[in-house]
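Letter by letter, the chains look like this.
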Amino acid sequence: MTLCKYVYPSLEHWDKLPSVSEHWFFYWPLYDGSHFSDHELGNGIFKTVPNDEKTSEKYGRIQEVFWKEIDLLSITSKNIRDAVFHELEKL
């Protein structure tokens, strides 16, 4: 599972929320290595940033994405608060 925090300067320029068919809006910043760069921050946390202003504009003026991968099979009803929600707060 990939936990993500997307950072935008504001959302005022969005005239509508992205639709389901616009899932690429959130998918590609993590997987498009030719337009985004990853930086490891430590403790399994990464920061992804657009390589240029044109890419940022294409993805809703995205500034950066903080993310961490967690083994989905390690999550149980007893540890979900720490394994998922506490990790999201740290991002």
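Let us look at the structure shown here.

The rules we used
Residues numbered from 1 in each chain as written. Predicted model: local features only at pLDDT ≥ 70, side-chain atom pairs only at ≥ 80, totals over all residues. Heavy atoms only, no water. Helix = DSSP H or I, 4+ residues; strand = E, 2+ residues; numbered from the N terminus. Areas by Shrake-Rupley, 256 points an atom, 1.4 Å probe, with all protein chains shown as cover. Patch = residues over 30% accessible without salt bridge, like charges linked within 9 Å, V, L, I, M, F, W, Y side chains within 5 Å. Salt bridge = Lys/Arg side-chain N within 4 Å of Asp/Glu carboxyl O. Buried < 20%, exposed > 50% of the residue type's maximum accessible area, 1.4 Å probe, protein only. Arc of directions from axis to C-beta. Contact = heavy atoms within 4.5 Å. Phe/Tyr/Trp six-rings, centres within 6.5 Å; stacked < 30°, edge-to-face > 60°.

**Let's talk about the overall build of the protein chain**
Summing up its helical and strand segments, the protein chain has three helices and four strands in all. Secondary structure of the protein chain in N-to-C order comes out as β-α-β-β-α-β-α. Counting only C-alpha atoms and orienting by the principal axes, one finds that the protein chain spans roughly 40 × 30 × 20 Å. For the protein chain, the accessible surface area stands at approximately 6400 Å², while carbon and sulfur atoms represent 54% of it.

**Things to note about a nonpolar patch on the surface**
Together, Y27, W28 and Y31 give the surface a local cluster of nonpolar side chains, amounting to about 330 Å² of exposed area. Topologically, Y27 is positioned in helix α1 (residues 24–31).

**Side note on helix α3 (residues 80–90)**
When we look at burial in α3, the residues that qualify are A83, V84 and E87. Down the axis of α3, the buried set is contained in an arc of 80°. They therefore lie on one face. Exposed and facing more than 90 degrees away from the buried side of α3 are R81, D82 and E89. Where α3 is buried, its residues touch β1 (2–7) and β4 (64–69).

**Some details on the packing of aromatic side chains**
Summed over all chains, the structure comprises 11 aromatic pairs. Ring geometry for Y6 versus F26: centroids 5.3 Å apart, planes at 80°, classification edge-to-face. Within this pair, whereas Y6 is found in strand β1, its partner F26 is found in helix α1, the two being separated by 20 residues in sequence. Aromatic side chains Y27 and W28 sit 5.0 Å apart centroid to centroid with 85° between the ring planes, which places their arrangement in the edge-to-face category. What makes Y27 partly exposed here is its relative accessible area of 40%. In this structure W28 comes out as partly exposed when scored by relative accessible area, which is 37%. Three or more aromatic residues joined by ring pairs form one cluster here, namely Y6, Y8, W14, W24, F25, F26, F36 and Y59.

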